[in-house]
Amino acid sequence: ANIRRHPLEIPPPCEKDWPKDDEEDFFLQDPDRKRDALPQPFRMINKLVMQVFESAMEIIERREMLQEAQKRKVQPTRYSPTAEFQVTGRANCLAVSGKYIFVGLSVGLAAFSTCDCKEICASDAVKTEICALHASDLGNESHVLLAVDEMGLVWLFCFHKESFLLIKALNEVGDISMKSTCVEVVLSLGGDYAGVLLQGNKKAWLEIYQLPKDSWLREMEKNPGAAAGLACSERRPSCTAVHSAVLNTFLLQDSQVSANQADPKLDLPVLLLTVKPPKPITGSSFESPLDALKEVDDGSMLGLGYNHLIKDLQWELQEAIFRSTYQEYLEAEGVIKEEIPRHATFHFLLPSQVLQMGPDMEVQADVPAGIGVHWDGNHNFCLYLLNNPLNEQTDSDLKPDVVWPCAAPIACSAVSSCFRYLALAGEDATITIWDKQLGFPLSVTAILEERFIRSIHFL
């Protein structure tokens, strides 16, 4: 018989003896709040519902955090419009001059007062859509306007005592094959000069006009009745359709009579300069150094680099050596052959030490004395005087009076509001600030590498 000599031992509890329940955190539950386990499938439904609630709470907390961060940011002040301009058609552009706001419409122009924002007069002398508009105050309640329409034509207007007077279309030609399109228009401060950049027949050139504003003002003072008659014909009456048609007819007849009695004869603008883009430098045609020296001026300033002694054979040999050395880089980057540029940036410049005037030239402190021009992809910033006598040979290429060569092609430029400082930004991301009054650079700043400067402005 088997007799137990030792007392019966109870084995200690282990994990195998724990109850198998779907709740993994059952040991964390409060015994007082313990409920009977739900049977399936209600336990699975309960778990899914709790997961949905937890996800929703996480989304709510995240959105509340974003709202709190948004509240901490500085909120910009929102301003509501104080007045509205009621225009006929679509407003494309506007320009402010004196106490007037000029608006380019889908057909013609309109002038508004800055005081009460009411329309003063309108003009439909140009039957096309106005896309760009520039204005300058001439004094004595007169303003000059340059408008560019959808066809690329530049229209010159004079606004005097609440009336528009069309003077001329600057680039209008009779031969359609000689048609040119305006790319950019710049009006000098004070309305003394106007610059128009034109393109046509795969060419580009810059035309600088002198505006005879003094003669315009004298002619306007001599014929105040003509301007008043034109103002009546251009002003739009506010009545019913039938009465407005009759009223317009009588007003138009009266204005034609008054205009015929005293029609102002305004002088046309004078073409001062025609600046063409620089041609690519090619091989020399000089036979000896003496021939090249004859073409050079007094040697007091730099030129564009055309008067050199490098032959075509030397250019070809140098290009062959360069291509053989850097062939793999040229194929990867795809080098483009140099072409004549078709776009330029230009500024009107006041008298300074850089623009050396002759003793017989009249200089006024607030009237531009020259222009600064740089063409796309070119290293040179060229300056031309505006007070030089007109050349008889207008077809010949005009040479700049001063040339500023830069280390890299000029990407963009800007002139300060005081017209003293000039900023030149190169394609190598280097910005140079020039003091035109003294004629030397103030600072040179290099931006980070692999950056291209597209525009620059003075604040």
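See the structure shown above.
First, a word on what this report is: a plain description of the structure on this page. (Residues numbered from 1 in each chain as written. Predicted model: local features only at pLDDT ≥ 70, side-chain atom pairs only at ≥ 80, totals over all residues. Heavy atoms only, no water.)

Of regular secondary structure, the protein chain possesses seven helices and 20 strands. Buried residues in the protein chain amount to 35% of all 459 residues. The contacts of the protein chain with a sequence gap of at least 6 include a subset with a gap of at least 24, amounting to 52%. About 31,200 Å² of surface is accessible on the protein chain, with carbon and sulfur atoms providing 55% of the total. (Helix = DSSP H or I, 4+ residues; strand = E, 2+ residues; numbered from the N terminus. Buried < 20%, exposed > 50% of the residue type's maximum accessible area, 1.4 Å probe, protein only. Contact = heavy atoms within 4.5 Å. Areas by Shrake-Rupley, 256 points an atom, 1.4 Å probe, with all protein chains shown as cover.)

One non-glycine residue, Cys117, lies in the positive phi region at around 60 degrees. When you line up the elements, Cys117 lands in the loop between strand E3 (109-113) and strand E4 (119-123). Unlike most non-glycine residues, Ala429 shows phi in positive territory, near 60 degrees. Structurally, Ala429 can be placed in the loop between strand E18 (421-426) and strand E19 (430-435).

Before going further, it helps to examine the environment of Lys179. Relative to the helices and strands, Lys179 resides in the loop between strand E8 (164-169) and strand E9 (181-187). A relative accessible area of 32% places Lys179 in the partly exposed class. Residues Lys179 and Gly152, 27 residues apart in the sequence, show an inter-C-alpha distance of 9.6 Å. Excluding anything up to four places from it in sequence, Lys179 contacts Met151, Val173 and Gly200.

Here the focus is the pairing of E4. Taken across its five residues, E4 has four buried, putting it largely inside the fold. Direction of pairing for E3 relative to E4: antiparallel, over a ladder of four bridges. Opposite Ala110, over in E4, you have Ala122 as the bridge partner. Taking the residues between adjacent antiparallel strands as the criterion, E3 and E4 are bridged by five residues, where Cys117 takes a positive phi near 60 degrees. (Pairing = 2+ DSSP bridges.)

On the secondary structure map, Gln353 appears in the loop between strand E13 (344-349) and strand E14 (370-375). Owing to a relative accessible area of 46%, Gln353 belongs among the partly exposed residues under this scheme. A C-alpha to C-alpha distance of 5.8 Å links Gln353 and Leu438, two positions 85 residues apart in sequence. Not counting chain neighbours up to four residues away, the residues in contact with Gln353 comprise Lys436, Gln437 and Leu438.

In this structure, Leu146, Val154, Leu156, Val196 and Trp216 are the most contacted members of the largest nonpolar core, which totals 23 residues. Filtering out sequence-adjacent residues up to four positions away, Val154 remains in contact with Leu146, Ala147, Val148, Lys168, Ala169, Leu170, Asn171, Cys182, Val185 and Val196. (Core = buried A, V, L, I, M, F, W, Y, C linked by side-chain atoms within 4.5 Å.)

The grouping of Phe42, Met44, Ile45, Leu48, Val49 and Phe53 at the surface amounts to a nonpolar patch, some 610 Å² of accessible area in total. Relative to the helices and strands, Leu48 resides in helix H1 (residues 42-72). (Patch = residues over 30% accessible without salt bridge, like charges linked within 9 Å, V, L, I, M, F, W, Y side chains within 5 Å. Salt bridge = Lys/Arg side-chain N within 4 Å of Asp/Glu carboxyl O.)

With that out of the way, let us pick up the sheet that holds strand E11 (residues 203-210). Spatially, the four strands line up as an open sheet ordered E9-E10-E11-E12, and their pairing is antiparallel. Here the strands that pair on one side only, and so sit at the sheet edges, are E9 and strand E12 (270-275). For this sheet, the mean inter-axis angle between neighbouring strands, taken without regard to orientation, is 20 degrees. Summarising the sheet, strand E10 (residues 193-200) and E11 pair through eight bridges and their orientation is antiparallel. By the bridge assignment, Gln199 is partnered in E11 with Ala204. (Axes fitted to C-alpha atoms, helices over the stretch in contact; angles between N-to-C directions.)

Attention now goes to the pattern of salt bridges. This structure, assessed with the given rule, holds five salt bridges. Note that Arg90 and Glu129 form a salt bridge whose closest N and O atoms lie 2.4 Å from each other. Placement of Arg90 in the loop between H1 and strand E1 (91-97) and of Glu129 in the loop between E4 and strand E5 (130-139) is noted, with a sequence separation of 39 residues between them. Arg323 serves as the salt-bridge partner of Glu319, at 3.3 Å between the closest nitrogen and oxygen. Remark: Arg323 and Glu319 occur in helix H6 (residues 312-325); sequence separation between them is four residues, near one turn of the helix. We classify Glu319 as partly exposed; its relative accessible area is 43%.

So, on to the pairing of E9. Sheet topology places E9 next to E10; six bridges connect them, and they run antiparallel. The residue bridging Val185 from the neighbouring strand is Val196, located in E10. Here E9 folds back onto E10, and the loop between the two strands holds five residues, one of which, Gly190, carries a positive phi near 100 degrees.

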